[in-house]
Amino acid sequence: MSGDTALNLPEDLKTRALNNARQATPVEALAPLRQDALAALEGTAFPGRKTEAWKYTSLYALTDGHLAARAEGAAPADLPTLSDYRLVIVNGRLDEERTALPEGVTLGRAARRLEGLTTPFAFYNGAALDDAVTLDVAANTDVAAPIQVLHVAAGDAPSHCNVRLEVNLGTGSRLTLIEQYLARGPVLTNAVTAIQAADNAHLTHYRLQADAGDSLHIGTLLFQQTGVSRIDSYQLMAGNRLRRNDVRAFLDKSGAELNMHGVFVARDRSHIDNQLCVEHRVPDCTSNQVYRGLAGEKGRAVLNGRIHIHPGAKGTLAELSNKNLLLNAGAEIDTKPELEIYNDDVKCAHGATVGQLDALQQFYLQSRGIDAAEAKRMLSLGFVNELIMGLPDQAVADWAQPWLAAELGGRPGADEEAA
Amino acid sequence: MLEIRDLHASVAGQPILKGLNLTVKPGEVHAIMGPNGSGKSTLANVLAGRDNYEITGGEALFDGKSLGDLEPEERAQLGLFLAFQYPVEIPGVSNMEFLKAALESVRAAQGKEEWDSVTLLRKAREACKQVDLDAQFLKRGVNEGFSGGEKKRNEIMQMLLMEPKLALLDETDSGLDIDALQTVAKGVNSLRGPERGIVLVTHYQRLLDYIVPDFVHVLSGGKIIKSGGKELALELEQHGYGWLTSGDNGDNGKKDQTA
Ligand SMILES: Nc1ncnc2c1ncn2[C@@H]1O[C@H](COP(=O)(O)OP(=O)(O)O)[C@@H](O)[C@H]1O
Ligand SMILES: [Mg+2]
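Just so you know, these numbers come straight off a predicted model, no measurement behind them.

## Overview of the pairing of strand β15 (residues 286-295) of chain A
All names here are of chain A.
Now for step 1: Burial runs high along β15: seven of the ten residues are buried.
Now for step 2: With ten bridges connecting them, strand β13 (residues 257-266) and β15 associate as parallel partners. Counted as the bridge partner of M260 is Q289 from β15.
Now for step 3: In this structure, β15 lies alongside strand β17 (residues 317-326), joined through ten bridges in parallel fashion. When the bridges of β17 are listed, A295 appears paired with L326.

## Considerations on the sheet that holds strand β7 (residues 174-184) of chain A
Residue and element names in this part refer to chain A.
Now for step 1: Here we have ten strands laid out as an open sheet, ordered β2-β1-β5-β7-β9-β11-β13-β15-β17-β19, and mixed in their pairing. Edge positions in the sheet fall to β2 (93-94) and β19 (347-356), since each of these pairs with one other strand and no more.
Now for step 2: The pairing of strand β5 (residues 147-154) with β7 spans eight bridges and is classified as parallel. If you follow H151 over to β7, its bridge partner there is Y181.
Now for step 3: Its contacts with the sheet put helix α6 (residues 372-389) on β11 (230-238), β13, β15 and β17, and the angle it makes with β15 is roughly 155°.
Now for step 4: Its contacts with the sheet place helix α7 (residues 394-408) against β7, β9 (202-209), β11, β13 and β15, and it is angled at close to 35° to β11.

## So, the nonpolar core
If you look at soluble globular proteins, the nonpolar side chains tend to sit buried side by side.
Now for step 1: With 125 residues, the main nonpolar core has L391 of chain A together with I4, L20, M157 and L169 of chain B as its most contacted residues.
Now for step 2: Beyond its immediate sequence surroundings of up to four residues, I4 of chain B is in contact with L20, N21, L22, L43, L47, E59 and A60 of chain B.

## Topic: the confidence of the model for chain B
Residues and elements named next belong to chain B.
Now for step 1: Per-residue confidence for chain B gives a mean pLDDT of 91, with 95% of residues at or over 70.
Now for step 2: The model gives residues 248-259 a pLDDT under 50, and that stretch makes 20 contacts with residues more than four places away or in other chains.
Now for step 3: The ipTM value of the predicted complex is 0.94, and its pTM value is 0.85.

## Here's the deal with the coordination of the magnesium ion (ligand 2)
Residue and element names in this part refer to chain B.
Now for step 1: The magnesium ion (ligand 2) binds to the protein through S41 (OG) and Q85 (OE1), with metal-donor distances spanning 2.1 to 2.2 Å. Residue S41 is found in helix α1 (residues 40-48), and its partner Q85 is found in the loop between β6 (80-83) and β7 (90-94); the two are separated by 44 residues along the sequence.
Now for step 2: Exposure remark for S41: the relative accessible area of 21% places this residue in the partly exposed category.
Now for step 3: The exposure class assigned to Q85 is buried, which follows from its relative accessible area of 16%.

The rules behind each value
- Residues numbered from 1 in each chain as written.
- Chains lettered and ligands numbered in written order.
- Predicted model: local features only at pLDDT ≥ 70, side-chain atom pairs only at ≥ 80, totals over all residues.
- Heavy atoms only, no water.
- Buried < 20%, exposed > 50% of the residue type's maximum accessible area, 1.4 Å probe, protein only.
- Helix = DSSP H or I, 4+ residues; strand = E, 2+ residues; numbered from the N terminus.
- Pairing = 2+ DSSP bridges.
- Contact = heavy atoms within 4.5 Å.
- Axes fitted to C-alpha atoms, helices over the stretch in contact; angles between N-to-C directions.
- Core = buried A, V, L, I, M, F, W, Y, C linked by side-chain atoms within 4.5 Å.
- pLDDT = per-residue confidence, 0-100.
- Donors = N, O, S within 2.8 Å, 3.2 Å for Na, K, Ca; no water.

This is the structure we're talking about:
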């Protein structure tokens, strides 16, 4: 933890980020965005220990030099198939051979400047992109099957990649998008996903983060509900060496509805930091957030749920619930709702709890012959199961259930690591 | 099969059982009656191995093994079953998944053949039918949102599947209407057999009209103060517990024990 004294980590990260951006191979379609982002990056500081929004998450792991190299590893052969339609993005670059898209969806390779994203990592993402993927869903198209976007990152040595996905839902369109992150090796994925929904658009969104334990992820998910639209987002996240997820949602047209459901699991020594921010900027929008967190061994999880109701946003309905379960005393979860309400005519409910496994429930299972470890596993799975059972797509549920069960059973080697 | 000698036990450091003696042999049905707070549930929980229910003196042997040395799951694997007075709700864990885990573990430990999932489902449906519980309850979370009566039926349903050697039923009759009581009693009676012991803990003798015990014991102040045949239950019904508990009957338990 003494890294900051020997070197100034925020300064060092910024210098590397700027150098990388300036030296990146030019890509014509991305030039305007990169220029803008570079200018913004020059005027932004990277977070240090005193930065409030990074209170619980240290970037010390990055002193291994992730920003010094680009990830160049090959994608594993056995990638999960959750739909007939999919995109495979390897270390930030689209694998064109493996692209299959349904009718009504147009693929682009540019990216736009994103209002509302002001973090240094998001600027760096824009300033150093090699590639970007944009999906435009045509108006009044009900996309036949889900689109699975596989974000693969691979490398044997500390390295990183910048990943950018933008999805624009046209008026009256419907889409199911499955974003799946699969990093292998000590690679930092610096991801930005931006989704815009026009009037009467309906998106079902999954964000499945099953990266390997030694990988790192710093990502921003942006929802821009510019139309009277509905977004249902399901976020399933396993901890890794460092996982930081910023979610920013803008409800910008009266009648828009956002539902976010999340499960995060931090076992062993893994880390997850969720920073949620929902902006109600106009009257009569609805947001509903339900997150369940679980930490075991020396796992560490954070959730900060900000709900910002602007002065004009009368008639807002906003709810946030975050229940957490600690499997043992060495684990830690910090959860905090953060409400900023500047209008009296709103309904806003929030609740956050951190608890332990119920001893009586555990006794009940054991009294039926189930051993203590299995009883604990069943109870922790039960704790998040409600959300899994609620997943609207069977293919995703079928993939998620065994994955989460394995996460909750503890990974091989968990005991040694925790000892 | 169950041999309890001079058992002393504390709950969260508080002494509750104070020298309890009881012997149950295969094939016998015993009823333990007693006023509220006399320690009936404490006895059941001590035998099942609940945390904080600590044996501080004497011993409880099940098939010759000292229960105090065993984890709750080991006791269940040996064939001990407790039907809880207040079955706990476990949302998110389905009844079926729970039964599967329990039966896999217990049947394997007892050297019984494993049931595949088709067999398990068939057996579970049969057991539900036997206690008049809709098979839909198998899909629900364990006891989640069940009424009091449904919880009790769910306990007996589990018991029928687990085929325990020794069944302890803690106030299984309370909260049941007369039809439900008869259904539950039928379920318990179907389990009666020369190899099995049953201990009914009850506050009222009503249940004993349907499950006729071989022995009746009165528990008061943490020990058994009187034992007798089934007619003792009727006496208690007529006269209450007062005539037993007002005098000092401290050590009757040992002498009257007919086992
Ligand atoms: N968890 C507990 N902590 C402290 N005291 C308890 C606890 N459970 C029961 N007791 C006490 O133990 C005594 C016996 O209770 P219990 O065994 O439940 O009686 P019964 O089942 O016969 O009604 C009562 O005085 C009760 O208050
Ligand atoms: Mg009781």
